[in-house]
There are 2 protein chains.
Amino acid sequence: MVAPSRRAVNLRLSESLTAPGAQFGDVAQFHDWLARMGEHAWMEVRRAPLEALPNWERDPATGNLRHATGKFFSVERLDVELPGSAVPRWSQPIINQPEIGILGILVKEIDGVPHLLMQAKQEPGNPNGFQLSPTVQATRSNYTRVHQGRPVPYLEHFRDVSGPGTVVDIRQSEQGAWFYRKRNRNMVVEVDGDVEAAEGFCWLTLGQIGELLTVPDLVNMDARTVLSCVPFVGAALRDTLRPRDAFTAALLRSFDPDAPTAHTTGDVLSWITEVRTRTDLRVERGPLAEVPGWSHADGRISHESGRFFHVVGVDVEAGGREVGRWSQPMIEPVGTGVIAFLVKPVDGVLHVLTHARTEPGYADTTELGPTVQCDPDNYAHLPEGARPRHLPEVLGADPSRVRFDVVLSEEGGRFFHARNRYLVVETDLETDPADPDYRWLALHQYVELLRHSFYVNIQARSLLLCLTSLLPR
Amino acid sequence: MVAPSRRAVNLRLSESLTAPGAQFGDVAQFHDWLARMGEHAWMEVRRAPLEALPNWERDPATGNLRHATGKFFSVERLDVELPGSAVPRWSQPIINQPEIGILGILVKEIDGVPHLLMQAKQEPGNPNGFQLSPTVQATRSNYTRVHQGRPVPYLEHFRDVSGPGTVVDIRQSEQGAWFYRKRNRNMVVEVDGDVEAAEGFCWLTLGQIGELLTVPDLVNMDARTVLSCVPFVGAALRDTLRPRDAFTAALLRSFDPDAPTAHTTGDVLSWITEVRTRTDLRVERGPLAEVPGWSHADGRISHESGRFFHVVGVDVEAGGREVGRWSQPMIEPVGTGVIAFLVKPVDGVLHVLTHARTEPGYADTTELGPTVQCDPDNYAHLPEGARPRHLPEVLGADPSRVRFDVVLSEEGGRFFHARNRYLVVETDLETDPADPDYRWLALHQYVELLRHSFYVNIQARSLLLCLTSLLPR
């Protein structure tokens with residue numbers, strides 16, 4: 001038990017934004033450490049035709065791609081109807097992975113400062129080998145040992161949790177364009193006592209992770225989603241941080257639960273209810289053998305336009321990982337996406353222009369997404385009115401107003417070289433307060449919504465972490 | 001716009017629990033009014049074989065029962081896997097109604113007291129003709145006029161809402177054993193100005209509706225779910241109510257957001273995450289033509305054991321309703337269910353023993369349900385260990401500890417004579433605080449959870465309204 005006089009770990013985490021790190025005095029030391037990882041572990045990823053992946057087979061009746069054990073995931077067809085949208089009806093391949101995995105980060109106080117136990121982890125879809133990952137990143141197949149690999153280190157800390165050490169414990173969605181109702185359990189758990197960093201693991205402060213977010217393709221998607229759910233409390237941040245300019249001051253105020261908001265949280269919830277009621281999304285899973293508009297040729301499945309993504313196969317060989325050698329299908333997006341928040345102060349409180357975004361794979365139709373989330377190339381052939389709103393404000397912004405602009409990778413276990421440019425851009429834009437699809441939200445409203453599942457999509461969660469990382473800088 | 005000096009309508013609604021009614025001085029006058037309804041409207045419901053329902057057809061490929069327009073709802077087959085449960089695998093018929101309907105109640109201040117506009121409404125499945133219903137109870141087929149009926153009165157007040165008059169606006173689930181992912185939009189909206197009660201409508205205070213809850217089969221399910229979502233605030237209740245005994249005092253304290261709780265809300269949310277992660281529910285929709293264990297004979301679909309429910313057909317003829325004559329399938333449960341909360345004070349704050357309940361039709365696997373929710377007859381053939389927990393404490397309680405005990409009906413538009421005995425029973429029961437399936441919750445925690453979708457099931461919502469109705473009595 002934690003003594004009652006000790007402050008709650010989510011309050012103490014704020015101090016981790018500015019305090020010096022215990023293991024690495026500066027990030028240069030971290031980069032040295034990460035470089036040494038490559039000396040002890042390696043991964044070779046070769047493209048392979050889908051029809052030649054060992055242990056993967058096509059279901060004779062449906063043509064769905066599945067593992068011989070029936071575990072892990074399958075690739076299926078999804079038929080989508082979304083009346084009234086720019087493309088009111090389409091079919092596509094989609095990954096179906098009904099298991100709920102664990103994405104968990106351990107926290108331990110070192111020299112009075114909370115540190116996070118992070119892992120340098122390779123994934124076959126990473127464009128660059130190692131990325132900074134959560135302590136534990138395990139599908140149920142992993143942790144029930146379906147593929148007979150080694151046990152997952154530190155998993156025991158996330159199996160029986162309750163009490164004051166649990167900072168985050170909430171299922172969140174992932175990419176609804178590529179995953180059918182995928183959700184993972186995002187966890188942050190504080191440990192007492194002598195947990196040590198094993199080979200390949202290290203202790204970082206939140207401030208150090210924030211600094212590393214500015215390095216392209218380094219902090220992985222799983223680490224980003226978990227850390228975005230940390231419930232920062234305005235008062236604790238105010239005690240720790242001294243804003244150095246008007247932007248940071250407005251950002252800091254935005255975490256204060258008492259800060260005024262453009263819309264009450266009740267109105268935001270009512271808006272979400274309205275959008276989810278109005279949006280008549282119908283999806284049906286179907287056989288991958290025949291997906292209108294898509295064809296299986298040259299060992300992969302592609303859209304006839306060449307746009308969107310391909311379903312590809314890879315053979316993987318690795319050392320220093322749970323399993324030495326395997327093959328799998330992956331989704332390989334065609335382009336690099338743009339994921340951006342437009343932000344501005346409202347009454348001195350930073351607000352984020354939030355889009356109610358519908359994706360076919362969401363469990364509940366619509367989630368709150370970034371102001372802009374698209375691959376601009378996918379829209380080039382569509383008429384002006386069907387192009388993503390607010391994209392010109394993002395791409396045409398004066399450089400002085402671009403607060404964050406880094407290319408980051410998506411989940412390298414399922415997506416092959418999936419990269420997006422994440423931006424936070426200041427704006428003076430005035431919007432219609434009754435716009436059916438957009439609202440300005442303060443960050444403390446996001447903190448409240450992130451206590452619950454499926455309100456905030458994974459791209460917005462990444463951007464929220466990017467915003468948090470701007471607090472001490 | 002509401003003037004800023006006016007108190008929020010959810011605060012003023014507390015006063016509606018005790019203040020006298022403007023239209024009816026006492027409930028006897030209401031009963032007179034209700035009796036007169038029968039003089040101007042009638043409904044004749046005759047059982048009819050499923051295969052002979054006009055405008056209903058069986059899909060040639062699947063045997064699913066559907067309306068000729070493709071609207072309203074269909075009856076399909078659901079295959080369920082729930083490993084580790086008493087019945088780990090079964091198939092059943094289920095109603096699929098993807099449309100989100102509106103259940104809305106208008107509030108207006110009369111003589112300074114908020115009154116609710118309620119409707120005396122007949123439904124074919126009601127065992128007793130008229131029940132007290134929300135102002136608006138409309139499927140999308142209703143309000144988009146698929147069946148070419150008359151326009152839905154008062155619907156316009158629920159179509160464009162935002163601002164301080166919206167008290168409740170949240171989608172909630174319905175019976176997950178009979179409906180596949182059904183959800184309705186529950187709304188309470190305050191109106192200014194001269195809205196009048198049309199024929200068949202009346203103005204009641206919350207206290208009067210609470211009094212009418214003690215009349216069997218009177219306050220219908222839709223009215224109960226909508227009113228259960230009203231966010232009562234402890235402070236406003238304290239200003240209005242004077243508890244007359246220890247039970248009522250503990251009940252009142254339980255609405256105070258600052259009242260101590262057996263588990264923090266963070267721990268409750270983490271528990272819900274844990275249960276929803278652990279519960280490996282798999283459901284697949286399938287063809288009604290062949291449902292293992294069920295057969296279509298004598299014009300209805302029944303389980304071979306005679307238990308659970310039948311799918312039956314009815315021919316309906318009505319006057320004073322949107323449509324004069326129609327036919328439809330309905331679900332007719334075999335027995336009368338028992339739906340009960342065990343309650344006890346913890347540190348002087350009433351807590352409710354809450355069961356994390358999994359039903360195949362839930363959008364998200366598991367919701368918080370009553371302590372006991374079952375038809376006892378369905379379990380008579382199962383071994384002791386598979387019988388519902390806590391049923392003996394409910395049925396064997398000393399009468400002095402039974403605070404509420406009334407038989408109420410479920411939705412008469414889809415269910416035929418579906419009735420449950422709703423009970424609130426005081427207990428001294430001690431439970432294991434780490435029991436994987438039960439937690440003690442205070443009412444203010446329910447108020448917070450009811451701002452969001454799919455946390456609290458429809459049976460628990462009815463019981464929460466029953467508890468609220470005990471405040472002034």
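Residues numbered from 1 in each chain as written. Chains lettered and ligands numbered in written order. Predicted model: local features only at pLDDT ≥ 70, side-chain atom pairs only at ≥ 80, totals over all residues. Heavy atoms only, no water.

Further remarks concern the state of the cysteines. Residue and element names in this part refer to chain B. The full count for this structure, using the stated rule, is zero disulfides over all chains. Residue Cys 202 stays outside any disulfide, its sulfur separated by 19 Å from that of Cys 466, the closest cysteine. The exposure class of Cys 202 is buried, given its relative accessible area of 0%. (Disulfide = S-S within 2.5 Å. Buried < 20%, exposed > 50% of the residue type's maximum accessible area, 1.4 Å probe, protein only.)

Taken together, the contact between chain B and chain A spans 31 residues of the former and 30 residues of the latter. Summing the contributions of chain B and of chain A, the shared interface buries around 2,600 Å²; its carbon and sulfur component is 40%. Where chain B touches chain A, the interface holds four salt bridges. A salt bridge links A:Arg285 to B:Glu284; the shortest N-O distance between them is 3.6 Å. Summed over the shared surface of chain B and chain A, the number is nine residue pairs in polar contact (both at pLDDT 80 or more). Secondary-structure elements contributing two or more residues to the side of chain B that touches chain A are strand E10 (166-173), helix H8 (265-278) and strand E14 (282-286) of chain B. Per-element tally for the side of chain B that touches chain A: the top contributor is H8(B), with 10 residues. Here the residues of the side of chain B that touches chain A sort into seven nonpolar, eight polar and 16 charged. (Contact = heavy atoms within 4.5 Å. Buried area = accessible area lost by both parts, 1.4 Å probe. Salt bridge = Lys/Arg side-chain N within 4 Å of Asp/Glu carboxyl O. Polar contact = N/O pair within 3.5 Å; in protein donor to acceptor, adjacent residues only side chain to side chain. Helix = DSSP H or I, 4+ residues; strand = E, 2+ residues; numbered from the N terminus. Nonpolar A, V, L, I, M, F, W, Y, C, P; charged D, E, K, R; others polar.)

Below, the discussion takes up the nonpolar core. Residues and elements named next belong to chain A. In this structure, Phe 30, Leu 204, Leu 251, Phe 341, Tyr 446 and Leu 467 are the most contacted members of the largest nonpolar core, which totals 76 residues. If one sorts the elements of this core by residue count, helix H11 (residues 458-469) sits on top with six residues. Summarising the domain contributions, this core has at least three residues from each of domain 1 (9-44 + 98-240) and domain 2 (247-281 + 334-469). If near-sequence neighbours (up to four positions away) are discounted, Phe 30 is found in contact with Phe 24, Leu 132, Cys 202, Leu 204, Leu 212 and Leu 218. (Core = buried A, V, L, I, M, F, W, Y, C linked by side-chain atoms within 4.5 Å. Domains from an automatic or database assignment.)

Turning our eyes to something else, we now look at the relation of the copies chain B and chain A. For these two chain copies, the linking operation is a rotation about an axis paired with a shift along it. After a rotation of 180° and a shift along the axis of 0.0 Å, chain B superposes on chain A with an RMSD of 0.0 Å. Those values place the two copies in the arrangement expected of a two-fold rotation axis. Interface residue correspondence from chain B to chain A reaches 97%, placing this contact among same-surface, isologous pairings. (Least-squares fit on C-alpha atoms with pLDDT ≥ 70 in both.)

In this section: helix H5 (residues 221-228) of chain A. Counting buried positions along H5(A) yields eight of eight residues, so the element is predominantly enclosed. In this structure A:Asn220 caps H5(A), since a side-chain oxygen of it lies 3.2 Å from the backbone nitrogen of A:Asp222.

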